[in-house]
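# Commentary on secondary and tertiary structure
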Amino acid sequence: QMQLVESGGGLVQAGGSLRLSCAASGRTFSSYAMDWFRQAPGKERECVAAISGSGGNKNVADSVKGRVTISRDNAKNTVYLQMNSLKPEDTAVYYCAAGRNFFWTLSMARPEYWGQGTQVTVSS
């Protein structure tokens, strides 16, 4: 089992920034690709960013491209999601997730492990 714990969510004004963190334990962190998903009320969960185990490959969704960066620190067993220029439509619960495979096509991500989620609310 892998345990994932997100932090860093909160309430921010439009145009602001947040950095989400996800601390992992229980498995060899660098063996897993890491994904960030989000789910807004009434909408399907979508993958917004992914990073390979080494960190050498990464991708973000078109909806957040240019505003969001995914990174990881394997020495700290932590993955990050830096979000800038936030918009009200970014409001959602954000989840980190771990899977064996990295997919360039984010919709193909099928993680094995999930965190409990952290709420991000962007006010206009």
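Analysis parameters
- The residue numbers shown here count from 1 along each chain, following its written sequence.
- Owing to the predicted nature of the model, reporting of local features is limited to residues with pLDDT of at least 70; listing and counting of side-chain atom pairs is limited to 80 or more, with chain, interface and lining totals taken over all residues.
- Where side-chain values are given, they derive from all heavy atoms of the structure, hydrogens and water being excluded.
- Any pair of cysteine sulfurs within 2.5 Å is marked as a disulfide.
- The secondary structure listing takes helices from DSSP runs of H or I that are at least 4 residues long and strands from runs of E that are at least 2 residues long, numbered from the N terminus.
- Under the scheme applied here, a residue whose accessible area is under 20% of the maximum for its type counts as buried, over 50% as exposed, and between as partly exposed, the area being computed with a 1.4 Å probe on protein chains only.
- A contact between two residues is defined here by any heavy atoms of the two lying within 4.5 Å.
- At least two DSSP bridges between two strands are needed for those strands to be called paired.
- Salt bridge, as used here, is a side-chain nitrogen of Lys or Arg placed within 4 Å of a carboxyl oxygen of Asp or Glu.
- Only buried residues count toward a nonpolar core. Its members are Ala, Val, Leu, Ile, Met, Phe, Trp, Tyr and Cys residues joined through side-chain atoms within 4.5 Å.

### Looking at the state of the cysteines
- Taken as a whole and assessed by the stated rule, the structure comprises 1 disulfide.
- The partner cysteine of Cys22 in its disulfide is Cys96, sulfur to sulfur 1.9 Å. An S-S torsion of about 40° defines the bridge between Cys22 and Cys96 as right-handed. Residue Cys22 is located in strand 3 (residues 18–25), and its partner Cys96 is located in strand 9 (residues 92–99); the two are separated by 74 residues in the primary sequence.
- Judged by its relative accessible area of 0%, Cys22 falls in the buried class.
- As a non-bridged cysteine, Cys47 has Cys96 as the owner of its nearest cysteine sulfur, 11 Å distant.

### Quick look at the environment of Pro111
- You can see Pro111 is positioned in the loop between strand 9 and strand 10 (113–114).
- A relative accessible area of 16% means that Pro111 is categorised as buried.
- In sequence terms Pro111 and Asp35 are 76 residues apart; their C-alpha atoms lie 7.7 Å from each other.
- With residues up to four places along the chain from it excluded, the contact list for Pro111 reads Asp35, Phe37, Ala97, Ala98 and Gly99.

### Re the pairing of strand 7 (residues 68–73)
- Of the two faces of strand 7, only one is covered, namely that formed by Val68, Ile70 and Arg72; the face formed by Thr69, Ser71 and Asp73 stays uncovered.
- The pairing of strand 7 with strand 8 (residues 78–83) spans 6 bridges and is classified as antiparallel. The residue of strand 8 that forms the bridge with Arg72 is Val79.

### A few points about the pattern of salt bridges
- As enumerated under the stated definition, the model contains 4 salt bridges in all.
- A salt bridge links Arg38 to Asp90, with the shortest nitrogen-to-oxygen separation between them at 2.9 Å. Of this pair, Arg38 sits in strand 4 (residues 33–39) while Asp90 sits in the loop between strand 8 and strand 9, placing them 52 residues apart in sequence.
- Put simply, Asp62 and Lys65 hold a salt bridge, and the shortest N to O gap is 3.3 Å.
- According to the relative accessible area criterion, Asp62 is exposed, its value standing at 68%.
- Here the residues in one salt-bridge network are Arg38, Glu46, Arg67 and Asp90, joined through shared partners.

### Focus on the nonpolar core
- Leu4, Met34, Trp36, Val79, Leu81, Met83 and Tyr94 are the most contacted members of the largest nonpolar core, which totals 40 residues.
- Residue assignment for this core shows that the elements contributing at least two residues are strand 3, strand 4, strand 5 (46–51), strand 7, strand 8, strand 9 and strand 11 (118–123).
- Element by element, the count of residues in this core is highest for strand 9, at 6 residues.
- Beyond its immediate chain neighbours, meaning those up to four positions away, Met34 contacts Leu4, Cys22, Phe29, Ala49, Ala50, Ile51, Ile70, Arg72, Val79, Ala97 and Ala98.

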